[in-house]
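Architecture and fold: a report
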Amino acid sequence: AARPSPPPPLPTSGMPMQDSARPTTDDDAFAQFRRLLDVLPAGACLCAADGRVTHYTEQAVALWGHRPALGEAGPRWCGALRLFHEDGRPMPHEASPIARALVDGRAHHGRRLQLERPDGSRRVALSYASPLFDDGGAVIGGVNLLVDVTGQHRSAQAGRERLRLQGAQLVA
């Protein structure tokens, strides 16, 4: 059977790319991957296998409300000050979707989280955490995409509150 033709090249949106379509080393491939994350319209965070945050995007900084240190001095699994489940219960960072993906080697997609910022405010995000593997199948790190849904979350809360007040008026 004939091989399918390769997909068209990705638009770069001003992202500098190498002349060749194929990276020449693992470091080149990783650098290209980080540049790709940087142009996504969502927060993104890369973690080493032990959970150390090794890279994050400006959109992640906007969600977290600060720019954490990287490496040994930096956070593990996420740059948010604190994490909470959708219902407001505290979530230890080691129970976050990216931490789970690094431990069990499976993707944890579509999980709604609250991210607390240093100023005490919270953002709501959908987490899409996926492990990254080496050629032998061992987990070597992970990537977590964070889609800010704070606006939708607040709109839904306001709608529920309006319905609750309307119901209370009908009963009164």
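Below is a short write-up of the structure. (Residues numbered from 1 in each chain as written. Predicted model: local features only at pLDDT ≥ 70, side-chain atom pairs only at ≥ 80, totals over all residues. Heavy atoms only, no water.)

In the structure shown here, the tally under the stated rule is one aromatic pair. Judged by centre distance (5.3 Å) and plane angle (70 degrees), the ring pair of tyrosine 56 and tryptophan 64 falls under edge-to-face. The class for tryptophan 64 is buried, based on a relative accessible area of 0%. Directly above the ring of phenylalanine 84 sits arginine 122, whose terminal nitrogen or CZ lies 3.5 Å from the centroid. (Phe/Tyr/Trp six-rings, centres within 6.5 Å; stacked < 30°, edge-to-face > 60°. Buried < 20%, exposed > 50% of the residue type's maximum accessible area, 1.4 Å probe, protein only. Lys NZ or Arg CZ within 6 Å of the ring centre and 35° of its normal.)

Buried together is how nonpolar side chains tend to be arranged in soluble globular proteins. Residues Trp64 and Leu115 are the most contacted members of the largest nonpolar core, which totals 22 residues. Counting only elements with at least two residues in this core, the list comes to strand S1 (43-48), strand S2 (53-56), helix H2 (58-64), helix H3 (97-104), strand S5 (108-116) and strand S6 (122-133). Every residue in contact with leucine 115, bar those within four places of it in the chain, is listed here: Leu63, Trp64, Cys78, Ala80, Arg82, Leu83, Ser121, Arg122, Arg123 and Ala125. (Core = buried A, V, L, I, M, F, W, Y, C linked by side-chain atoms within 4.5 Å. Helix = DSSP H or I, 4+ residues; strand = E, 2+ residues; numbered from the N terminus. Contact = heavy atoms within 4.5 Å.)

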